[in-house]
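Each chain, written out:
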Protein chains: 2
Amino acid sequence: MTPLRDDVRSRILAASLELLNEGGVGALSMREVARRAGVSHQAPYHHFADREAILAELVKDGFSQLHAYEARASEQSPPGAERITAIGIAYVSFALDQPALFQLMFRRELVELQKFPQTEEIADEAFNVPHAAVAEACGKSMDACMPEMLACWSMVHGLATLILEGKLDHQLGPGREARDACVREVMSLYSRQRYGEHSKT
Amino acid sequence: MTPLRDDVRSRILAASLELLNEGGVGALSMREVARRAGVSHQAPYHHFADREAILAELVKDGFSQLHAYEARASEQSPPGAERITAIGIAYVSFALDQPALFQLMFRRELVELQKFPQTEEIADEAFNVPHAAVAEACGKSMDACMPEMLACWSMVHGLATLILEGKLDHQLGPGREARDACVREVMSLYSRQRYGEHSKT
DNA sequence: CAGGGGAACTAGACACTGTCAAGCCGGAGT
DNA sequence: ACTCCGGCTTGACAGTGTCTAGTTCCCCTG
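Residues numbered from 1 in each chain as written. Chains lettered and ligands numbered in written order. Predicted model: local features only at pLDDT ≥ 70, side-chain atom pairs only at ≥ 80, totals over all residues.

Visitor: Run through the overall build of chain A, naming residues and quoting values.
Guide: When its secondary structure is counted, chain A shows eight helices and zero strands. In chain A, the order of α-helices and β-strands from amino to carboxyl end is α-α-α-α-α-α-α-α. Structurally, chain A occupies a C-alpha span of about 60 × 40 × 30 Å along its principal axes. Out of the 201 residues belonging to chain A, those deemed buried represent 43%. Pairs at least 24 apart in sequence give 63% of the contacts found in chain A among residues at least 6 apart. (Helix = DSSP H or I, 4+ residues; strand = E, 2+ residues; numbered from the N terminus. Buried ≥ 20, exposed ≤ 12 C-beta atoms within 10 Å, placed from the backbone. Contact = placed C-beta atoms within 7 Å.)

Put into structure tokens, the structure is as follows:
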């Protein structure tokens, strides 16, 4: 009942997220987190088993954010190619909005999802949104359209990764608009040609 | 002239690669490298400015290996969809053969390519192989087919990344054959539908 | 109203890391 | 013969994650 009860815990998570966004995963050290939260360097271990458990908590929130991005895109677009494009753009937009968090979510060396069933479950929910959209566009069952789904997911995830790791800086400019335009172009190029034309853009 | 002259340097690189392959990037610490090379913990700094410089050297070799994988695939297949498929499979094969090295090559926080022009140049060579293949299949210039190239590269890179990070363990089995089969399927699904049918597989 | 118990938190220590600073040492150049 | 210098070693420092041992304080029971 007392909001003070979990005060330290939430301050720790807040400080973690702050550090993550400021300097990436490398800047997120347990001791610095504790320092920012104004507690001793050992206090975090009373709320989390180890560093990985804290990261898993951030990752959980990350996947639920990703799910929200995708769900909104899915609802606001008609089924078929256009919906796939929209979800793909949402996926990359999330990655660009939360680069450090996105990287954290896909680093097994930092957090092994299998150890955190709650986090894994939310991750699966996020993966289901594009999967369902692809199945609908293909007119196949979720299982039957696995290759299509993998192709789609891979492309979107690869695009996000390459942009974040700066591998496309040479091709694209540094600005956010150029990146968004590129994502839109690649996505619509992909899904239009695969799932049929759509009028958008 | 004396082969002993660079003995320490090459032993350091060998030890680095060994550690990288044994336990990933996290296991590669300067002190452990020095220990394995049989020198003091400061010796590496007489041959490399810092940790990043050692990693850059490994990355350089990684990109030249990747280039070799791609070049061989390109030569052994006819231009068009089939060549793109082959190069894509080669790309992912490299990633699966050298997982730790592949990850290292695409982590800007670990090695910023711009700081190492030699490494960057070899990386560009590696990226040019698929780029040329896509341009040929499209019948456009290298510049004009940038979106197609990005779509292709993103998909292949994303597939490699997702497999390595274990995100497809649930969909695929753990075995290498299942992965190879999946890669083949996704790749040919992609390039066949985009660049026309080909008889293979 | 004691008093016991346990949770939240602190403090100290350990082994480890990357890197700076100083010293040793042997061979090359003048 | 003497100096210089690059390759290497040793020592130190601040920083890390985490184990262990206290300390403090609130709640629950008798």
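Visitor: Pulling in residues and values, what's your account of the protein's contact with DNA strand D?
Guide: Around DNA strand D lies a shell of 15 residues, among which Ser29(A), Met30(A), Ser40(B), Gln42(B) and Ala43(B) are the nearest. The leading source of residues in the surface near DNA strand D is helix α2 (residues 30-37) of chain A, at three residues. (Near = placed C-beta within 6 Å.)

Visitor: Quick one: what's the story with helix α1 (residues 7-23) of chain A, residue by residue and with numbers?
Guide: All names here are of chain A. Between its terminal C-alpha atoms α1 stretches 24 Å, which fits the 24 Å expected from 17 residues at 1.5 Å a residue. Those residues of α1 that fall on the buried side of the exposure criterion are Ile-12, Leu-13, Ala-15, Ser-16, Leu-17, Leu-19 and Leu-20. Where α1 is buried, its residues contact α2, α3 (51-75) and α5 (99-105). Phi turns positive one or two residues past the end of α1, at Gly-24, with a value near 80°. (Expected span 1.5 Å × (residues − 1).)

Visitor: Requested: an account of the relation of the copies chain B and chain A, with residues and values cited.
Guide: When chain B is brought onto chain A, the operation consists of a screw motion whose angular component is 180° and whose axial shift is 0.0 Å, with 0.0 Å RMSD remaining. Seen this way, the second copy is the image of the first under a two-fold rotation axis. (Least-squares fit on C-alpha atoms with pLDDT ≥ 70 in both.)

Visitor: Summarise the environment of Gln98(A); cite the residues concerned and give the values.
Guide: All names here are of chain A. For Gln-98, the position within the fold is in the loop between α4 (81-97) and α5. A sequence separation of 38 residues divides Gln-98 from Lys-60, and the C-alpha atoms of the two residues are 14 Å apart. Excluding its chain neighbours within four sequence positions, the residues that come into contact with Gln-98 are Gly-62 and Gln-65.

Visitor: For the protein's contact with DNA strand C, give the residues involved together with the corresponding values.
Guide: The environment of DNA strand C is formed by 14 residues, the closest being Val8(A), Ser40(A), Ala43(A), Ser29(B) and Met30(B). Within the surface near DNA strand C, the residues separate by chemical class into four nonpolar, six polar and four charged. (Nonpolar A, V, L, I, M, F, W, Y, C, P; charged D, E, K, R; others polar.)

Visitor: Requested: an account of the packing of helix α1 (residues 7-23) of chain B against helix α2 (residues 30-37) of chain B, with residues and values cited.
Guide: Residue and element names in this part refer to chain B. Packing of α1 against α2 brings their axes to within 8 Å, and their N-to-C directions diverge by 120°. Accordingly, the angle class assigned to the pair α1 and α2 is oblique. As α1 runs across α2, the sense of the crossing is right-handed. Contacts between α1 and α2 involve Val-8, Arg-11, Ile-12, Ala-15, Ser-16, Glu-18 and Leu-19 from the first element and Glu-32, Val-33, Arg-36 and Ala-37 from the second. Its residues assigned to classes, the contact of α1 with α2 shows six nonpolar, one polar and four charged. (Axes fitted to C-alpha atoms, helices over the stretch in contact; angles between N-to-C directions. Parallel < 35°, antiparallel > 145°, perpendicular 65-115°, else oblique. Left-handed = near helix turned anticlockwise from the far one by under 90°.)

Visitor: Go over helix α6 (residues 117-138) of chain B with me, naming the residues and quoting the values.
Guide: Residues and elements named next belong to chain B. In this model α6 runs 31 Å from its N-terminal to its C-terminal C-alpha over 22 residues, within 8% of the 32 Å that 1.5 Å per residue would give. The largest bend in α6 comes to about 25°, at Asn-128, with the proline Pro-130 one to four residues further on. Every buried residue of α6 is listed here: Thr-119, Ile-122, Ala-123, Ala-126, Val-129, Pro-130, His-131, Ala-133, Val-134 and Ala-137. The inward-facing, buried residues of α6 contact α3 (51-75), α4 (81-97), α7 (146-164) and α8 (176-195). Looking one or two residues past α6, Gly-139 carries a phi angle of roughly 75°, positive in sign. (Bend = angle between axes of the 7 residues up to and from the residue.)

The quantities given are spatial measurements derived from coordinates; they are silent on function.
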